[in-house]
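Inside the fold
Next come the chains, spelled out residue by residue.
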Amino acid sequence: MRRGAPGNPKDALFERTTAVFAFGVLFLAVLLFALLVRESLPSIRKFGAAFLVTGTWDPVAESFGALPFLYGTVVSSFIALLIAVPLAVGSAIFINEFAPEWLKAPVGFLAELLAAVPSVIYGLWGIFVLVPVLRDYLMKPVADHLGWIPFFRGPVYGPSMLAAGMLLSIMIIPFILSVSREVLATVPRIQKEAVLSLGGTHWEMIRIVIGQHCIPGIFGATVLGLGRALGETMAVTMVIGNRPDILLSIFQPGHSMAGAIANEFTEATGELYLSALVEIGLVLFLLTFVVNLAAKGILKTMVSRASRGI
Amino acid sequence: MDNALQVKDLCAWFGEHQVLKNITMDIRRNSVTSVMGPSGCGKSTFIRCLNRMHDLTPGFRVSGEVFFDGRNIYTDRIDPVLLRRKVGMVFQQPNPFPRMSVFENVAVGLKFNGKKRSRSEMADVVEKSLRMAALWDELSDHLDRPGTSLSGGQQQRLCIARALAVEPEILLMDEPCSALDPTSSARIEDLIEDLSDKYTIVVVTHNMQQAGRISDSVAFFLLGELIEMDTAAKIFTNPADKRTEEYITGRFG
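Residues numbered from 1 in each chain as written. Chains lettered and ligands numbered in written order. Predicted model: local features only at pLDDT ≥ 70, side-chain atom pairs only at ≥ 80, totals over all residues. Heavy atoms only, no water.

**Observations concerning the overall build of chain B**
- Within chain B, the secondary structure is distributed over ten helices and ten strands.
- Over its C-alpha atoms chain B spans a radius of gyration of 18 Å, differing by no more than 12% from the 18 Å that the globule rule assigns to 253 residues.
- The principal-axis extent of the C-alpha atoms belonging to chain B is close to 55 × 40 × 35 Å.
- In chain B, which comprises 253 residues, the share counted as buried stands at 55%.
- Contacts spanning at least 24 positions in sequence make up 68% of the contacts within chain B whose residues lie at least 6 apart.
- Working note: accessible area of chain B is about 11,100 Å², and carbon and sulfur atoms make up 46% of it.
- One way to put it: in chain B the 31 positive side-chain charges average out to a point 5 Å from where the 34 negative ones average out. (Helix = DSSP H or I, 4+ residues; strand = E, 2+ residues; numbered from the N terminus. Rg over C-alpha atoms; globule rule 2.2 N^0.38 Å. Buried < 20%, exposed > 50% of the residue type's maximum accessible area, 1.4 Å probe, protein only. Contact = heavy atoms within 4.5 Å. Areas by Shrake-Rupley, 256 points an atom, 1.4 Å probe, with all protein chains shown as cover. Lys, Arg positive; Asp, Glu negative; His and termini not counted. Charge placed at Lys NZ, Arg CZ, Asp CG, Glu CD.)

Laid out in structure tokens, this is it:
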């Protein structure tokens with residue numbers, strides 16, 4: 001059955017106009033994907049699946065493998081999650097459950113304002129503050145004493161996978177924080193009271209309630225943060241060191257997919273070089289697409305569970 | 001007859017709004033006390049004062065005294081967590097924990113007091129509690145089912161078993177049957193009668209027939225005041241106050 005008043009020409013016009021906009025957005029996404037595929041065809045034909053598992057990136061010899069970039073993006077994002085998730089979830093618990101009423105709004109607002117800072121500003125702060133501080137007070141001492149652990153091996157330059165991960169963590173905290181707060185707020189009051197009425201402490205209440213209601217939501221928030229981290233370009237490229245090598249130490253420089261495209265696009269002269277960069281873009285597009293889709297799916301099941309009251 | 005709880009001049013406010021006015025009441029040990037009255041009369045607020053359930057409600061304030069075991073629960077450095085282990089609560093909506101099995105739901109409170117118990121000790125407590133809540137025969141073979149997969153009435157009895165497992169002295173029940181069908185309600189009522197041998201029970205209800213069936217004494221609340229309190233027989237046949245009579249004869253509320 002058709003919606004709207006049948007035969008009313010204005011309604012029909014309105015319906016069709018909005019449909020055009022909706023499909024326009026969809027069309028743009030498909031077009032973007034199609035163009036990425038078309039432009040990366042020369043590279044796909046030349047290197048095939050090896051593109052994803054080869055570590056050489058040699059524009060002079062026209063031999064391209066995206067693995068160092070893929071590795072850098074994934075590892076720096078993973079470090080970011082490792083730092084951001086506990087901080088963001090902890091802050092969400094504090095703001096929602098412990099902070100006095102007058103403090104909730106300003107703290108929540110300021111934390112979410114972090115999301116509005118342009119990434120190049122984060123990058124500048126990273127170069128001038130974060131990287132020197134990390135280098136002198138964290139990476140150097142740790143590399144001196146624990147350098148035998150492969151992850152902490154020197155020499156320490158400053159720009160590094162760790163710096164990128166930490167900077168990213170600050171950038172994704174607002175997203176994870178705000179989703180976590182919403183997830184915590186969906187917990188039925190009666191469930192919290194159940195824990196208290198059994199003689200549970202405030203801490204036990206939070207622990208049980210998170211275990212019973214919030215794990216899928218916090219996981220969804222995490223994946224959402226991951227999606228942001230994977231695609232971040234400017235801030236990462238300013239502090240990661242931009243070296244297309246795969247090094248186990250997080251104190252060593254690395255590179256990222258988004259950073260590679262931004263840095264090398266203007267220099268990419270040959271057709272194959274350009275095509276290889278576009279293919280990196282395609283891989284990044286697919287990666288973030290899948291991650292965001294997963295996050296949406298998880299959040300959706302969580303919300304529908306919450307609305308059914310379980 | 002000694003008293004499990006003594007309430008003296010209890011007043012309560014949500015922000016500026018006063019919801020309880022000078023409530024004074026003695027609650028007898030091992031008896032069933034019903035708190036009845038029309039919606040908004042403060043009956044739920046009242047019983048939630050008895051285990052300090054309002055502690056986390058912003059803007060809530062209380063004055064007066066509630067004595068439990070000879071100590072005022074609002075002063076005398078009472079730890080509300082320890083108090084709530086002695087004064088358990090069952091809510092209007094059955095609220096088992098959704099990701100816990102029947103067994104885990106009943107055992108969950110045992111883990112709060114930090115005492116390590118062996119699996120077999122836990123199993124004993126779970127069985128005892130489920131038997132007291134008249135659920136053991138139905139569920140002894142289904143202890144690993146999710147608590148939320150039970151019927152509404154079973155879920156409510158599961159919540160009663162969960163409250164009993166921590167061995168309280170007093171059980172507060174906030175309209176425990178209002179979300180249930182008549183058959184399930186009847187089973188909860190039977191259960192309340194059985195439990196009153198060992199426990200002091202305070203039930204909030206807006207159902208007069210129910211109050212009449214299960215109670216030893218009935219307190220009638222109206223607009224935040226305790227109008228009168230007496231034996232169920234006295235309240236329902238010969239109330240002292242005109243307003244009580246009007247309420248039980250259905251003239252308002």
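**As for the interface of chain B and chain A**
- Between chain B and chain A, the residue contacts involve 25 residues of the former and 23 residues of the latter.
- Both faces considered, chain B and chain A share a buried interface measuring about 2,100 Å² in area, 64% of it formed by carbon and sulfur atoms.
- The residue Arg 48 of chain B makes a salt bridge to Glu 193 of chain A at a minimum N-O spacing of 2.5 Å.
- Our count for the contact surface shared by chain B and chain A stands at five residue pairs in polar contact (both at pLDDT 80 or more).
- Among the secondary structure elements, those contributing two or more residues to the side of chain B that touches chain A are α2 (80-86), β6 (87-90) and α6 (152-165) of chain B.
- Residues of the side of chain B that touches chain A, tallied by class, amount to 15 nonpolar, four polar and six charged. (Buried area = accessible area lost by both parts, 1.4 Å probe. Salt bridge = Lys/Arg side-chain N within 4 Å of Asp/Glu carboxyl O. Polar contact = N/O pair within 3.5 Å; in protein donor to acceptor, adjacent residues only side chain to side chain. Nonpolar A, V, L, I, M, F, W, Y, C, P; charged D, E, K, R; others polar.)

**A few points about the state of the cysteines**
All names here are of chain B.
- All chains considered together, the criterion is met by zero disulfides over all chains.
- Not engaged in a disulfide, the cysteine Cys 41 finds its nearest cysteine sulfur in Cys 49; these two sulfurs lie 13 Å apart.
- Residue Cys 41 is classed as buried on the basis of its relative accessible area, which comes to 1%.
- Cysteine Cys 49 shares no disulfide, and the gap to the nearest cysteine sulfur, in Cys 11, comes to 10 Å. (Disulfide = S-S within 2.5 Å.)

**Quick word on the nonpolar core**
- Judged by nonpolar contacts, the single largest core of 91 residues is most densely connected at Phe 46, Ile 47, Leu 50 and Phe 221 of chain B.
- At 14 residues, helix α6 (residues 161-185) of chain A tops the list of elements feeding residues into this core.
- The contacts of Ile 47 of chain B, once residues within four sequence positions are left out, are Val 35, Met 89, Leu 172, Met 173, Asp 174, Val 202 and Val 204 of chain B.
- Membership of the second largest hydrophobic core comes to 36 residues, among which are Ala 161, Leu 164, Ala 165 and Leu 191 of chain B. (Core = buried A, V, L, I, M, F, W, Y, C linked by side-chain atoms within 4.5 Å.)

**Section: the packing of helix α3 (residues 67-98) of chain A against helix α8 (residues 202-231) of chain A**
All names here are of chain A.
- With their axes 9 Å apart at the nearest point, α3 and α8 run at an angle of 140° to one another. When the axes of α3 and α8 are compared, the pair comes out oblique. Judged by the twist between their axes, the crossing of α3 over α8 is right-handed. Packed against α3, whose contacting residues are Thr 73, Ser 77, Leu 81, Val 85, Val 89, Ile 93, Glu 97 and Phe 98, the element α8 presents His 202, Met 205, Ile 206, Ile 210, Ile 218, Thr 222, Gly 225, Leu 226, Ala 229 and Leu 230 at the interface.
- Residues of the contact of α3 with α8, tallied by class, amount to twelve nonpolar, five polar and one charged. (Axes fitted to C-alpha atoms, helices over the stretch in contact; angles between N-to-C directions. Parallel < 35°, antiparallel > 145°, perpendicular 65-115°, else oblique. Left-handed = near helix turned anticlockwise from the far one by under 90°.)

**What about the side chain of Ser 77 of chain A?**
- By the element assignment, Ser 77 of chain A lies in helix α3.
- With sequence-adjacent residues up to four places away left out, Ser 77 of chain A is seen in contact with Leu 168, Leu 226, Ala 229 and Leu 230 of chain A.

**Focus on the packing of α6 of chain B against helix α7 (residues 182-195) of chain B**
All names here are of chain B.
- Running from N to C, α6 and α7 point in directions that differ by 20°, and their axes come no closer than 9 Å. Here α6 is positioned roughly parallel relative to α7, judged by the angle of their axes. Every pair of crossing elements has a handedness; the one defined by α6 and α7 is right-handed. Taking contact as the criterion, the partners of Gly 153, Gln 156, Arg 157, Ile 160 and Leu 164 in α6 are, on α7, Ser 184, Arg 187, Ile 188, Leu 191 and Leu 195.
- Looking at the contact of α6 with α7 residue by residue, the class counts come to five nonpolar, three polar and two charged.

**Concerning the packing of aromatic side chains**
Residue and element names in this part refer to chain A.
- A full pass over the atoms with the stated rule returns twelve aromatic pairs over all chains.
- Ring centres of Phe 47 and Phe 64 lie 6.2 Å apart, and the angle between their planes is 90°; this geometry places the pair in the edge-to-face category. Of this pair, Phe 47 sits in helix α1 (residues 9-47) while Phe 64 sits in strand β2 (residues 63-64), placing them 17 residues apart in sequence. Like Phe 47, the residue Phe 64 is buried in the burial classification.
- Aromatic side chains Trp 57 and Phe 69 sit 4.8 Å apart centroid to centroid with 80° between the ring planes, which places their arrangement in the edge-to-face category. (Phe/Tyr/Trp six-rings, centres within 6.5 Å; stacked < 30°, edge-to-face > 60°.)

**Side note on α6 of chain B**
Residue and element names in this part refer to chain B.
- For α6, with 14 residues, the first-to-last C-alpha span of 20 Å sits near the 20 Å given by 1.5 Å per residue.
- Counting buried residues in α6 gives 13 out of 14 residues, a clear majority hidden from the surface.
- Immediately downstream of α6, the backbone of Glu 167 shows phi near 55°, a positive value. (Expected span 1.5 Å × (residues − 1).)

**Some thoughts on the layout of surface pockets**
Residues and elements named next belong to chain A.
- Roughly 570 Å³ of internal volume is contained in the largest pocket.
- Counting residues per element, the lining of the largest pocket draws most heavily on helix α7 (residues 189-197), which supplies four residues.
- A breakdown of the residues in the lining of the largest pocket according to their chemical character gives eleven nonpolar, three polar and eight charged. (1 Å grid on protein atoms, 1.4 Å probe; cavity = no way out; pocket = protein on both sides within 12 Å on 5 of 7 lines; lining within 4 Å. Points joined across faces, edges and corners; volume = space filled by probe spheres on them.)

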